[in-house]
Amino acid sequence: MAKRVGFATRLGAIAAAVGSAVGLGNIWRFPYEAGVNGGGAFIMVYIVCILIMGIPVILSEFIIGRSTHSNMKAALRQLSPGKKYYLFTYICILGSFIVIGFYSVVCGWIIEYLYQAALGNLSGHTPQEYNDMFSALVASPWRCVGWTILFLVLNFLVLSRGIEKGIERVASIMMPLLFVILIIFCINSLLMPGAADGLRFLFEPDFSELTLRGVLDAFGQAFLSLSIGISCLVTYSSYFKDDTSLVKDATTVAFLDTMVAILSGVMIFPAVFSFGVEPTAGPRLIFEVLPGIFQQMMGGYVWALLFFLLVFFASLTSTISLSEIPITFLIEEHKTSRPVAIVWTAVITLVLSTVAALSFNVLDNVTLFGKSIFDVMDYAASNIFMLLGGLFTAMYVGWVMDRKVIHDQLTNGGKLKGAMEPYLIFCLRYVAPVSIFFIFLYLTGILY
Ligand code: PFF
């Protein structure tokens, strides 16, 4: 068994979990999903989902991870000897590859924008020109694939040199800085002419705009954003110390993650309305809008550079946690060495990401259910793999796991109050399964 080390401080453990949660899911995907799904009502559903499913599933992953100090497969074997629950781990591994497959393409775009920011190209243009700029990027297979590969090489270099801890340390400076910068950008956006329209779009729920598909998207978005449903937080919490308060950590992670998502919305939507960009622009939304925001700010050149640099680090801490899912699995379950595990993970990821990057250009005529390969991966990852994974985790902890273990984990062996326990069990047993089940019934058309 590979040597297991713990986080040095409570802050280290939390910073790593927040590092995993905060990433492109908050800054790129949340605004575009909110835009596509009508804004306010989507955000209301999103917040409800964080409360009734997000926090309970984070806690479930923490309970599984810390009670066993093992990866998902070993944990499930240890918790349920002789049962086949551990097979679920393979779904987690598949899910993690699909997420990283489309996610790293967007990380590649971030590097291109960092480069363009450094060249000073993110100012002095019209919104249409920024639109064309993004279109030109995704239309070019070389640029799209090239940046994606560059990002993945950096990601796996960090993993292979074992400097993740260093990255975490860097991230614990970068993350608060990202927070501060988001607030500054929000203030700037709120001073724009279209600010009121943007805020109304974001916070005034118009439920006539919300479809069932939108509700599913909100759930999927919450799971992707919190990094739950594919055992990522099981792996991380397996390193937590026994005196960490799981409830406190889970709520902190959920709170900070949701704040970053909402701040990203407040940064983007006033500008969307001010520049006349379509809120439904989808994955390209922030790339069309952000340059216009920088342009309006004094010292825009520096802001642009700093912003993309911080987003780059936020994405890197997320892809590191994603890559750790298969890497830890290979090392601990298949006894491969770390370099071999990294090479296997890197090769599979490279293939998937290259296909996803090519789906904007060379492979743009290949569609599945009317969606491009990138969109299929994006949709399948959060709305299918992570959601169903979350359902499994919720039901496993709610119905199968020994209540004594759950109680011990929540109270640290009786040292803390376990006030959250009845709420947790109720959500895991009933709320999570029933809501996900109904959403799926509607979507498959069985229920109208
Ligand atoms: N939560 C990350 C984000 O919002 O960008 C993405 C992510 C990381 C998803 C790790 C899943 C995961 F296991």
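Predicted, not measured: the structure shown is a model, and the values here were computed from it. (Residues numbered from 1 in each chain as written. Predicted model: local features only at pLDDT ≥ 70, side-chain atom pairs only at ≥ 80, totals over all residues. Heavy atoms only, no water.)

Visitor: Would you mind going over the overall build of the protein chain with me for this structure?
Guide: Secondary structure assignment for the protein chain yields 18 helices and two strands. Relative to the compact-globule value of 22 Å for 448 residues, the protein chain shows a C-alpha radius of gyration of 21 Å, a close match. C-alpha extents for the protein chain along the principal axes are approximately 65 × 50 × 40 Å. Evaluated residue by residue, the protein chain yields a buried proportion of 58% over its 448 residues. A separation of at least 24 residues holds for 82% of the contacts in the protein chain among residues at least 6 apart in sequence. (Helix = DSSP H or I, 4+ residues; strand = E, 2+ residues; numbered from the N terminus. Rg over C-alpha atoms; globule rule 2.2 N^0.38 Å. Buried < 20%, exposed > 50% of the residue type's maximum accessible area, 1.4 Å probe, protein only. Contact = heavy atoms within 4.5 Å.)

Visitor: I tried to follow a nonpolar patch on the surface on my own but got confused; where do I start?
Guide: Residues Leu-212, Met-395, Trp-399, Val-400, Phe-426, Tyr-430, Val-434, Phe-437, Phe-438, Tyr-442 and Leu-443 make up a contiguous nonpolar surface patch of about 990 Å² in total accessible area. Sorting the residues of the nonpolar patch by element identifies α16 (373-400) and α18 (421-444) as the ones contributing at least two each. When residues in the nonpolar patch are grouped by element, the largest group, seven residues, is from α18. (Patch = residues over 30% accessible without salt bridge, like charges linked within 9 Å, V, L, I, M, F, W, Y side chains within 5 Å. Areas by Shrake-Rupley, 256 points an atom, 1.4 Å probe, with all protein chains shown as cover. Salt bridge = Lys/Arg side-chain N within 4 Å of Asp/Glu carboxyl O.)

Visitor: Help me out: how do you make sense of the site of the ligand in this one?
Guide: Around the ligand lies a shell of 17 residues, among which Ala-21, Gly-25, Tyr-103, Leu-224 and Ser-225 are the nearest. Ser-20 is positioned such that a nitrogen or oxygen atom in its backbone is 3.2 Å from a nitrogen atom of the ligand. The contact in question runs from a nitrogen atom of the ligand to an N or O atom on the side chain of Ser-227, over 3.0 Å. Here the ligand has 340 Å² of accessible area as a free molecule, and 100% of this is covered by the chains. Listed by contribution, the elements that provide at least two residues to the shell around the ligand are α1 (10-21), α2 (24-36), α10 (212-226) and α14 (300-334). Top element by residues in the shell around the ligand is α14. It accounts for four residues. Classifying every residue of the shell around the ligand gives nine nonpolar, eight polar and no charged. (Near = heavy atom within 4 Å. Polar contact = N/O pair within 3.5 Å; in protein donor to acceptor, adjacent residues only side chain to side chain. Nonpolar A, V, L, I, M, F, W, Y, C, P; charged D, E, K, R; others polar.)

Visitor: Would you mind going over the packing of aromatic side chains with me for this structure?
Guide: How two aromatic rings sit relative to each other is given by the distance of their centres and the angle of their planes. All chains considered together, the criterion is met by 35 aromatic pairs. Looking at Arg-77, its charged tip hangs above the ring of Tyr-86, at a distance of 5.1 Å from the centre. Seen from the ring of Tyr-379, Lys-371 lies directly overhead, with NZ or CZ sitting 4.6 Å from the centre. (Phe/Tyr/Trp six-rings, centres within 6.5 Å; stacked < 30°, edge-to-face > 60°. Lys NZ or Arg CZ within 6 Å of the ring centre and 35° of its normal.)

Visitor: Would you explain the nonpolar core in this entry?
Guide: In terms of nonpolar packing, the biggest core is built from 157 residues, with Trp-28, Trp-109, Phe-307 and Phe-308 touching the most fellow members. Among the elements that take part in this core, helix α5 (residues 88-119) stands out by supplying 18 residues, more than any other. Excluding residues within four positions of it along the chain, Phe-307 makes contact with Ile-27, Ile-181, Leu-182, Phe-185, Met-267, Leu-290 and Phe-294. (Core = buried A, V, L, I, M, F, W, Y, C linked by side-chain atoms within 4.5 Å.)

Visitor: Quick question: what am I supposed to make of α14 here?
Guide: Residues separated by three or four positions in an α-helix point in the same direction, a consequence of the helix having 3.6 residues per turn. For α14, which comprises 35 residues, the first-to-last C-alpha distance of 50 Å matches the rise-based estimate of 51 Å (1.5 Å per residue) to within 8%. The largest bend in α14 comes to about 30 degrees, at Glu-324, with the proline Pro-326 one to four residues further on. The element α14 is extensively covered by neighbouring structure, given that 28 of its 35 residues are classed as buried. (Expected span 1.5 Å × (residues − 1). Bend = angle between axes of the 7 residues up to and from the residue.)

Visitor: Looking at this structure, I do not really get the packing of helix α6 (residues 127-139) against helix α13 (residues 285-296). What am I missing?
Guide: Packed helices, taken two at a time, are described by their axes: the angle between them and the distance between them. In contact at an axis separation of 8 Å, α6 and α13 are set at 135 degrees when each is read in the N-to-C sense. By the angle class used here, α6 and α13 are oblique. Where α6 crosses over α13, the two elements pack in a sense that is right-handed. Two secondary-structure elements touch here, α6 through Tyr-130, Asn-131 and Phe-134 and α13 through Phe-287, Glu-288, Pro-291, Gly-292 and Gln-295. Here the residues of the contact of α6 with α13 are counted per class, giving four nonpolar, three polar and one charged. (Axes fitted to C-alpha atoms, helices over the stretch in contact; angles between N-to-C directions. Parallel < 35°, antiparallel > 145°, perpendicular 65-115°, else oblique. Left-handed = near helix turned anticlockwise from the far one by under 90°.)

Visitor: Can you help me understand unusual backbone geometry in this one?
Guide: Across the chain, the bulk of peptide bonds are trans and the bulk of non-glycine residues have phi less than zero. Notably, Ser-227 is not glycine yet its phi reads approximately 60 degrees, a positive angle. With respect to the helices, strands and loops of the structure, Ser-227 is situated in the loop between α10 and α11 (232-237). One non-glycine residue with positive phi stands out, namely Lys-335, at about 55 degrees. Its location among the elements puts Lys-335 in the loop between α14 and α15 (338-358).

Visitor: I tried to follow the pattern of salt bridges on my own but got confused; where do I start?
Guide: Once the charged atoms of two side chains with opposite charge are near each other, the side chains can pair. Enumeration according to the criterion identifies 10 salt bridges in this entry. Put simply, Arg-143 and Glu-112 hold a salt bridge, and the shortest N to O gap is 2.7 Å. Here Glu-112 lies in helix α5 and Arg-143 lies in helix α7 (residues 141-160), a separation of 31 residues in the sequence. With a closest N to O distance of 3.3 Å, Glu-421 and Arg-403 form a salt bridge. Pair noted here: Glu-421 is in helix α18 and Arg-403 is in helix α17 (residues 403-411), with a separation of 18 residues, a long-range link. The partly exposed category is assigned to Arg-403, whose relative accessible area is 38%. Each of Arg-29, Glu-33 and Asp-378 takes part in one network of salt bridges that share partners.

Visitor: Is there a simple way to think about the side chain of Thr-89 in this case?
Guide: Mapping Thr-89 onto the fold places it in helix α5. Classification of Thr-89 by relative accessible area gives buried; the value is 2%. Reaching out from Thr-89, the side chain makes a polar contact with the backbone oxygen of Tyr-86 at a distance of 2.6 Å. Setting aside residues up to four positions removed in sequence, Thr-89 forms contacts with Met-72, Lys-73, Leu-76 and Phe-329.

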